[in-house]
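An overview of the molecular structure
One letter stands for each residue in the lines below.
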Amino acid sequence: MVARLLAGNLLQGARLRSEELTRCLMHAPVPETLEALLDRLYAAPAYGKDGVFGDETSAFALVRLALQLFGPPVRTASVPGDLVVSNHRDGAVRSPLWIPGHLNIEGSLDVDEGAWLLCTGDVRVGGATVDYEPGSVIAVGGSFSTARMSTMGAVVIGGGLDVADTLLAWRNDQRLVVEETLRAGLLVAWDHVVDAARVDAVRLDSDAGDALLRQHLRDEVLTGAPGAASLDVEAADQWIRRNVSPRR
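Residues numbered from 1 in each chain as written. Predicted model: local features only at pLDDT ≥ 70, side-chain atom pairs only at ≥ 80, totals over all residues. Heavy atoms only, no water.

1. Considering the pairing of strand β10 (residues 154-157)
Counted only if it meets this: Accessibility here uses a 1.4 Å probe with only protein chains present; expressed as a share of the type maximum, an area under 20% marks a residue as buried, one over 50% as exposed, and anything in between as partly exposed. Helix and strand assignments follow DSSP, with helices taken as H or I runs no shorter than four residues and strands as E runs no shorter than two, numbered in order from the N terminus. Between any two strands, at least two bridges found by DSSP are needed for them to pair.
Of the two faces of β10, the one lined by A154 and V156 and the one lined by V155 and I157 are each fully buried. Here β10 runs beside strand β12 (residues 175-190); their pairing, made up of three bridges, is parallel. Counterpart to V155 in the pairing with β12 is L176.

Laid out in structure tokens, this is it:
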């Protein structure tokens, strides 16, 4: 089981953390449901301490443990419109949201601050995918596809990530981890760690100059004098949250 946990980029080389997680989650009697795994995590004395429990490491470990315990996903949950995961907003699905299978969302996905979405299979989002900090976590055992995405939280994808339009990864408190290929029409990595086995995208980093920014982004998300443009990252985020492309 420790070797299984170490298979992910996020846990690679973190043997002590993996062993501690395994002891916490897998002691006898072995949990028989995903909910029982999560209850055991929350009850751990070390939950929320030292970056071992309560973060994306724990979330992705739970997804991998669920796959180990219950096997590959066979069912698909479908959402005909938008899906909001939040403990604060009226009408939202409460966090943590466990999906023991694949997830198909026809509209957009919104994971609020402090909310967790954990899915053992593939996730397909027809519209935009957005999250918040602090504390939002998206952990997916399979692949993830979406029209566009703005992330400042913790995202861990066990397969590939496919963003048809723009992927904005910003702020530096969390990171985006993709164990296979990250594909995007445009990747804007603005002071945010992006860790993927392979990246297939036009990429703009926080040191991108005026010419590159104006080549790929709308004037409405840029600021500064002619010849000295910079990205208004909050404006770009708002465009994506409205499910509108910030690209030219």
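2. Some points on unusual backbone geometry
Note that the residue after S95, namely P96, is joined by a cis bond; omega there is 0°. Secondary-structure assignment places P96 in the loop between β2 (83-85) and β3 (97-99). For D191, which is not glycine, the phi dihedral falls at a positive 60°. Here D191 shows up in the loop between β12 and β13 (193-205). Positive phi outside glycine occurs at N243, with the angle close to 60°. Structurally, N243 is set in the segment after α6 (233-241). Since its relative accessible area comes to 32%, N243 is described here as partly exposed.

3. Some thoughts on the nonpolar core
Definition in use: Throughout this description, the term nonpolar core refers to a set of buried Ala, Val, Leu, Ile, Met, Phe, Trp, Tyr and Cys residues connected via side-chain atoms within 4.5 Å. Residues are treated as being in contact if the distance between any of their heavy atoms lies within 4.5 Å.
Grouped together as the largest cluster of nonpolar side chains are 32 residues, with contacts concentrated most on L103, F144, L161, L167 and L182. Residues within four places of L182 in sequence aside, it is in contact with L161, L167, L176, V194, A196, R198, V199 and D200. Judged by nonpolar contacts, the second largest core, of 20 residues, contains W170, V221, A235 and A236.

4. Some words on the pattern of salt bridges
To keep things clear, this is the line we draw: Every case where a carboxyl oxygen of Asp or Glu lies within 4 Å of a side-chain nitrogen of Lys or Arg is listed as a salt bridge.
Taken as a whole, this structure holds twelve salt bridges when the rule is applied. R89 is paired through a salt bridge with D112; the nearest N and O atoms lie 3.4 Å apart. Remark: D112 occurs in the loop between β5 (109-111) and β6 (116-119) and R89 occurs in the loop between β2 and β3; sequence separation between them is 23 residues. Among the charged side chains, a network of salt bridges with common partners joins D210, R214, D219 and R248.

5. Some words on the confidence of the model for the chain
Put simply, the rule reads: The pLDDT score gives, residue by residue, the confidence of the prediction method on a 0 to 100 scale.
Put simply, the chain has an average pLDDT of 85, and 83% of its residues get 70 or more. Taken as a whole, residues 1-13 scores under 50 in pLDDT and shows 40 contacts with residues more than four places along the chain or in a different chain. Per-residue pLDDT stays below 50 along residues 49-54; that stretch engages in 19 contacts with residues further than four places along the chain or on separate chains.

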